[in-house]
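Summary of structural features
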Amino acid sequence: MFELFNPQKTLSVSGQKGPNRWDWALLPLVLAVLAAFAFAAMQMSRPFVVGEVLDISLDPSYLPYYLLRTILRMFTALAFSLLFSLIFAAVAVKYAAAEKLMVPLLDILQSVPILGFQAIAIAPFIALFSGDLFGVECAAIFAIFTSQAWNMAFSLYQSMRNVPSELNEAARIFRLSTWQRFWRLELPFAMPGLLWNMMMSMSGGWFFLVAAEAISVAGQDIKLPGIGSYIAVAIDAKNGLAITWAILAMLAGIILYDQLFFRPLLAWADKFRFEESQGDTAQQSWLLDWMRKSYWFRNWTHQIWQFLGKALSWFSVPYDGTSLKARSTGLSPRWAKIGETFLLLASILAALRLITFIHSDVGWSEVGHVLVLGLITLLRVMVLIALASLVWVPISVWIGLRPQYSQRVQAVAQFLAAFPVNLMFPVVVFAMVSLNLNANIWLSPLMVFGTQWYILFNVVAGAAAIPNELRLAADNLGVRGWLKWKRVYLPAIFPSYITGAITASGGSWNASIVAEYVTWGKTTLVADGLGSYIKQMTEVGDFHRIALGIGVMCIFVMTLNRFFWRKLYLLAEDLGR
C-alpha cells in the first residue's frame, strides 16, 4: 500500500535494449488517438457570434465526427472533475472546519440542476471568449463537469474517511507528511472505488448530454456538433431511425473508451486493494498487457515514477524529538470559531435576502405551491431509490463476488447508465397515450433509470473488495443464508452502498426535470412535481420562478442528506472501523 511510487517493484527495463514488436503494435494506436483528439480540439475554436446557426445533420455518416467531439468534451470534463475531487477530498478530510462547510456545499451543488448551472455559466464563458466558438464549448464542458464531479468527489472523500485504523497508525509511525500520506496511503486506498465512480460519472455525462450540447442563450438555440445535439434534433423531427443510429454510435463510443481507458486503469488499480479478495485478479486488459511488454512504455513510466518518488522525499517530515501525540494537528480552536461565525453570518444574510426575494418577486402562495411540488418529487425519489436498492444490491453483490462475471457486466452497465432517458421518449409517449396511463405514476421510473446504476457500480466495487479471509471464515463457521448477508455482506458493502445511494438520490432530483416533462414531437406529457415546474419556467423564461424552484430543490436535497443520508453515512463510518 505504501509503494505507489516505488518503480523497482512494478516496472523494470533491464534486459531490453530497444523497441520490440509490442512497441510497433502500440504506435499506430497511440498516434491514431492523438491525431483524432487533436483534430477535434482544433474544431472547437473558430469564429462564431451568438445567433449563428450551427447545422446538425441527421445523416449517419456524420456520427463518427459528432461522437469524437462529444467524447473529447466528456474526457475534458472528466479531467477537471478528477482535479476537483482530489482537491476537495484532501482539504475536507484534513481540516474539520473546512469539512463543515464543504460537505453541505457539495450537497447543494449536487442538487442544482444542470439547467441552473447553464443559466449561470453560459453568458460569462461566451463573454470571456467573445466572437469564438470556444466560449460555447467551455459552457458545454462545464455543464458536463457538473454532472460528473460531485459523484467522484464524494466517493473519494468517503474512501479517505474510511482508511483502516491500522494503516493510519502505520502512516503516523513512518512520520509521513500530509502530502506523502495523501499519495502513499489515502489515494491508493481509494483508487479502486474512485475508478468505478469515474466510469459512472462518465456514463452520467451521457445522461445529461442533450442539455449540455443543445444550449439556449439570449433567445437563441445553439447546438454544438455532438451526439447530444444529434439526439435533440432527432427528437424534434420525430426521426426514429436517427435515434437508432445515435444509440449505435453511443454503444461504439462506450466500448472504445472502456477498452482503451477504463479497462486498463481498473486492471492496473487491482494492486491497490487493501486485502486479498475474490476480485484481486478479476480485471484483465489486453491493452495493459501490451503496455507492460512495450519497451518504450515501460521506460517512460519508469522515469516518471522515479521522478515522482524523488519529489515525495522533498515533503518528508523530519523527526523533531516530540512524540506523535504531542504534535499539533489541524486548525486552532480560534480559527475554527472564526470560521463558524463567518458561516453563521453568511447564513443569516442569505436568509434575509431570501425573505426579501420571496416577498417582492414571487409571493408566499407560490412558495407554498412549489413546496408541495417538492414533496411530491421527494416521495418519488425515496420510493424509487428503495425499489432500486431492493433490486440492485443483491445483484451487485452477486456480481462483485464473481470476478468472471463482473467484467462482462461492466460494459453493459456502462451502456445502460449512459443511455439518455430522452431516447425512451418515443416508446413512453406511445405507450402512455395508447393505454391512457397516469403521467404522475408512469413517468416516475424515468427519474431513476439513469441514476440507479450509481448503486450498482458502488456496490459491485464494495463487494469485490470483501477480504477473501472473511468469506472463508464465514464458510468455516457454517454461516449461511440471511445470517451471512446480515453479518458479512451487508456490513461490508454498506459504506459503498451509502455513497451510491446518496449520489443516486441527488441524480434523481436532477433527472426529475427530464422525467416529469416528456416531449415527443408535438405531444407533451407532464407529471406534477418540482422537476416539471423548473422545466416549464425555463421554457417561458421566468427567471424568478426558476430560481425559486432550484432553491427549493436545494433545500429538499440538503435536508434529506443532513437528516437521513448523513446519519446512515456516519453509521457506515462506524462499521468501516
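Look up: the structure comes first, before these words.
What you are looking at is a predicted structure, and each value in this text was computed from that prediction instead of being measured.

Describing the packing of helix H15 (residues 364-400) against helix H23 (residues 530-540)
Where H15 contacts H23, the two axes come as close as 7 Å, and the packing angle between them is 130°. The orientation of H15 with respect to H23, classified from their angle, is oblique. Contacts between H15 and H23 involve Glu366, His369, Val370, Leu373, Gly374 and Thr377 from the former and Leu530, Gly531 and Tyr533 from the latter. Residue composition of the contact of H15 with H23, by class: four nonpolar, four polar and one charged.

Points about the side chain of Arg73
Inspection of the secondary structure puts Arg73 in helix H3 (residues 63-94). Judged by relative accessible area, Arg73 falls into the buried class, the value being 0%. Apart from residues lying up to four places away in sequence, Arg73 is in contact with Met44, Glu137, Ala140, Ile141, Ile144, Glu213, Leu224, Pro225 and Gly226.

Here's the deal with the packing of helix H22 (residues 481-515) against H23
One can describe the packing of H22 onto H23 by two numbers: an axis separation of 7 Å at closest approach and a directional angle of 55°. One way to sum up the angle between H22 and H23 is to call them oblique. When you trace H22 past H23, the crossing you get is right-handed. Across the interface between the two elements, Trp509, Ser512 and Ile513 from H22 touch Leu530, Gly531, Ser532, Ile534 and Lys535 from H23. When the residues that make up the contact of H22 with H23 are grouped by side-chain class, the tally is four nonpolar, three polar and one charged.

Regarding helix H6 (residues 134-161)
A rise of 1.5 Å per residue sets the reference length of H6, with its 28 residues, at 40 Å; its end C-alpha atoms lie 39 Å apart and thus fit the reference within 8%. Gln148 marks the point of greatest bend in H6, at about 30°. Counting buried residues along H6, 25 of its 28 residues qualify, which places the element largely inside the surrounding structure.

Things to note about the nonpolar core
Counting residues in each nonpolar core, the largest one holds 143 residues, and the members touching the most others are Trp206, Ile227, Leu443 and Tyr497. With sequence-adjacent residues up to four places away left out, Leu443 is seen in contact with Val428, Met432, Ala515, Glu516, Val518, Leu525, Val526 and Ala527. By size, the runner-up hydrophobic cluster in this structure holds 11 residues, among which are Leu54, Ile122, Ile126 and Val136.

Some remarks on a nonpolar patch on the surface
Taken together, the side chains of Leu344, Leu345, Ile348, Leu349, Leu352, Ile355 and Trp364 make up a nonpolar region of the molecular surface, amounting to roughly 730 Å² of accessible area. Among the elements that take part in the nonpolar patch, helix H14 (residues 333-362) stands out by supplying six residues, more than any other. Relative to the helices and strands, Trp364 is located in helix H15.

Cut-offs and rules
Residues numbered from 1 in each chain as written. Predicted model: local features only at pLDDT ≥ 70, side-chain atom pairs only at ≥ 80, totals over all residues. Heavy atoms only, no water. Axes fitted to C-alpha atoms, helices over the stretch in contact; angles between N-to-C directions. Helix = DSSP H or I, 4+ residues; strand = E, 2+ residues; numbered from the N terminus. Parallel < 35°, antiparallel > 145°, perpendicular 65-115°, else oblique. Contact = heavy atoms within 4.5 Å. Nonpolar A, V, L, I, M, F, W, Y, C, P; charged D, E, K, R; others polar. Buried < 20%, exposed > 50% of the residue type's maximum accessible area, 1.4 Å probe, protein only. Left-handed = near helix turned anticlockwise from the far one by under 90°. Expected span 1.5 Å × (residues − 1). Bend = angle between axes of the 7 residues up to and from the residue. Core = buried A, V, L, I, M, F, W, Y, C linked by side-chain atoms within 4.5 Å. Patch = residues over 30% accessible without salt bridge, like charges linked within 9 Å, V, L, I, M, F, W, Y side chains within 5 Å. Areas by Shrake-Rupley, 256 points an atom, 1.4 Å probe, with all protein chains shown as cover. Salt bridge = Lys/Arg side-chain N within 4 Å of Asp/Glu carboxyl O.

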